[in-house]
Amino acid sequence: MAPARAMVLLMYLLLGLHETVAFVRYKNDLHGGGETRSIRNGRRNGALLAMVEKKESSNKGDSISRRQVIQHLGAALASFGFVYCKKEKAEASLQSFPPRAPLNNRYYALRPGECFADAEGVVSTNPADKLNVNNGLTSKGIAQVEAAAAALEAGMGADAIGAVVWYSTTARAAQTATVLGEKLNIGRDKLVPEYSFLDARGLGAFNGKNLTLSLAEIDAEDQISADYRPPENEDGTTHESLNDLFVRVRQAISITETQYNGEDVIFIADDSDVLSVLQAALTGVDLREHKQFYFENGEIRRLEPNITCATPSRPQLC
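Draft legend 1. Quick peek at the pattern of salt bridges. Counting across every chain of the model gives 14 salt bridges. Ionic pairing is found between Lys183 and Glu146, a salt bridge with its closest N-O pair at 3.9 Å. Here the residue Lys183 occupies a position in helix H6 (residues 171-184), and Glu146 occupies one in helix H5 (residues 139-156), the gap between them amounting to 37 residues. Owing to a relative accessible area of 44%, Lys183 belongs among the partly exposed residues under this scheme. Between Asp244 and Arg229 there is a salt bridge, with the nearest N and O atoms lying 2.8 Å from each other. Highlighted residues: Asp244 in helix H8 (residues 242-259) and Arg229 in the loop between helix H7 (211-222) and H8, separated in sequence by 15 residues. Overlapping salt bridges bring together Arg201, Asp219, Asp222, Asp273 and Lys291 as one network.

Draft legend 2. Region of the structure containing H8. Between its terminal C-alpha atoms H8 stretches 26 Å, which fits the 26 Å expected from 18 residues at 1.5 Å a residue. The complete set of buried residues in H8 reads Leu242, Leu245, Arg248, Val249, Ala252, Ile253, Ser254, Thr256 and Glu257. On the buried face of H8, the contacting elements are strand S3 (106-110), strand S4 (164-168), H7, strand S6 (264-268) and helix H9 (272-283). Capping the start of H8 is the job of one residue whose side-chain oxygen sits 3.4 Å from the backbone nitrogen of Asn243: Ser241.

Draft legend 3. Summary view of the nonpolar core. Counting residues in each nonpolar core, the largest one holds 30 residues, and the members touching the most others are Tyr107, Trp166, Ile253, Phe267, Leu278 and Leu282. Breaking this core down by element, the ones donating at least two residues are S3, S4, H8, S6 and H9. Leu278 has contacts with Phe97, Val249, Ile253, Phe267 and Leu303, leaving out every residue within four places of it along the chain. Counting 18 residues, the second-largest nonpolar core is a separate cluster that includes Leu110, Met156, Tyr167 and Ala177.

Draft legend 4. Representation of the packing of aromatic side chains within the structure. What the rule picks out here adds up to 3 aromatic pairs. Judged by centre distance (5.6 Å) and plane angle (65 degrees), the ring pair of Phe97 and Phe246 falls under edge-to-face. Within this pair, whereas Phe97 is found in the loop between helix H3 (66-85) and S3, its partner Phe246 is found in helix H8, the two being separated by 149 residues in sequence. A network of ring pairs unites the aromatic residues Tyr107, Trp166 and Phe267 as a single cluster. Note that Lys209 overlies the ring of Phe206, its terminal NZ or CZ placed 5.9 Å from the centroid. Of note, Arg301 hangs over the ring of Phe295, and the distance from its end group to the ring centre comes to 3.7 Å.

Draft legend 5. Region of interest: the sheet that holds strand S5 (residues 191-194). On the basis of which strands lie adjacent, the open sheet formed by 5 strands has the order S5-S4-S6-S3-S7 and mixed pairing. Only two strands of the sheet have a single neighbouring strand rather than two, namely S5 and strand S7 (300-303). With direction set aside, neighbouring strand axes in the sheet form an average angle of 25 degrees. Of the pairings in the sheet, the one linking S4 to S6 comprises 4 bridges and is parallel in character. When the bridges of S6 are listed, Val165 appears paired with Ile266. Running over the sheet, H9 touches S3, S6 and S7 and is turned about 20 degrees from S7.

Draft legend 6. Quick peek at the packing of H8 against H9. Viewed as axis vectors pointing N to C, H8 and H9 meet at an angle of 75 degrees, and their least axial separation amounts to 9 Å. The angle between H8 and H9 falls in the class roughly perpendicular. In this structure, H8 contributes Leu242, Leu245, Phe246, Arg248, Val249 and Ile253 to the contact, and H9 contributes Asp273, Val274, Val277, Leu278, Ala281 and Leu282. The residue inventory of the contact of H8 with H9, partitioned by class, reads 10 nonpolar, no polar and 2 charged.

Basis of the calculations
Residues numbered from 1 in each chain as written. Predicted model: local features only at pLDDT ≥ 70, side-chain atom pairs only at ≥ 80, totals over all residues. Heavy atoms only, no water. Salt bridge = Lys/Arg side-chain N within 4 Å of Asp/Glu carboxyl O. Helix = DSSP H or I, 4+ residues; strand = E, 2+ residues; numbered from the N terminus. Buried < 20%, exposed > 50% of the residue type's maximum accessible area, 1.4 Å probe, protein only. Expected span 1.5 Å × (residues − 1). Contact = heavy atoms within 4.5 Å. Polar contact = N/O pair within 3.5 Å; in protein donor to acceptor, adjacent residues only side chain to side chain. Core = buried A, V, L, I, M, F, W, Y, C linked by side-chain atoms within 4.5 Å. Phe/Tyr/Trp six-rings, centres within 6.5 Å; stacked < 30°, edge-to-face > 60°. Lys NZ or Arg CZ within 6 Å of the ring centre and 35° of its normal. Pairing = 2+ DSSP bridges. Axes fitted to C-alpha atoms, helices over the stretch in contact; angles between N-to-C directions. Parallel < 35°, antiparallel > 145°, perpendicular 65-115°, else oblique. Nonpolar A, V, L, I, M, F, W, Y, C, P; charged D, E, K, R; others polar.

Structure below.
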């Protein structure tokens, strides 16, 4: 028990005992206070005598009883017990990475199938273009998602129908979720749109440029620092670092860990970087090396966290 709580409990108990003692003294004084008489020339004052006799009559039966003492002590102990039994305030917290305890749910990561921007080799990460037709799936992309659904069903069996799908609201991710749900007979109530945490990494001034060349330049900078942000863009495209992505995926998994228990949760993020940063965080790998977990279009993967058994200052893999 914390010292502060022990002090509060003691104060409650002493307060109750003080009230009990005061009550006993009051009753004793009331009962045994003696007659108040005015003697004048050996005679009682008639008016005062009447008042005294009336008071004495009313005091009959007012003597302190054992029941009254027990009642007051009971009230004091009840106050003591109320404080003692009061529960600590629950506090929510963000998920630690790598986790220090088994997760409440099983997690899968799926990158959307090929979209038209991917096929054209153009960077498309401006939030204003989330619903643009260029972000929709190509026929090849749809086939990739169908193959991912078949692989997931083969691995999960009948459990696949009960999976919870969290997907980015971009056109390619939303369409991927729809195809996955249809192939696995997942109900619409299990398809949960996520409006920011699973969006593609904002690539700033690289938006609209050659995809292959842009990613090569960004990857080189990422290997130097997880705080590297691409140059800003004036068109509203965000520019995010690996640590920015870490904050987003941490928020997402903290919510699902609170909202669900014992579920199969599938994250459909809008690009590979979001998912590879998530897997690096879950396994305790330096974010600068997240590319070892690169996701191809339409690739689905079970995320297996490395559980640490010790404190953050002294991590130890279980």
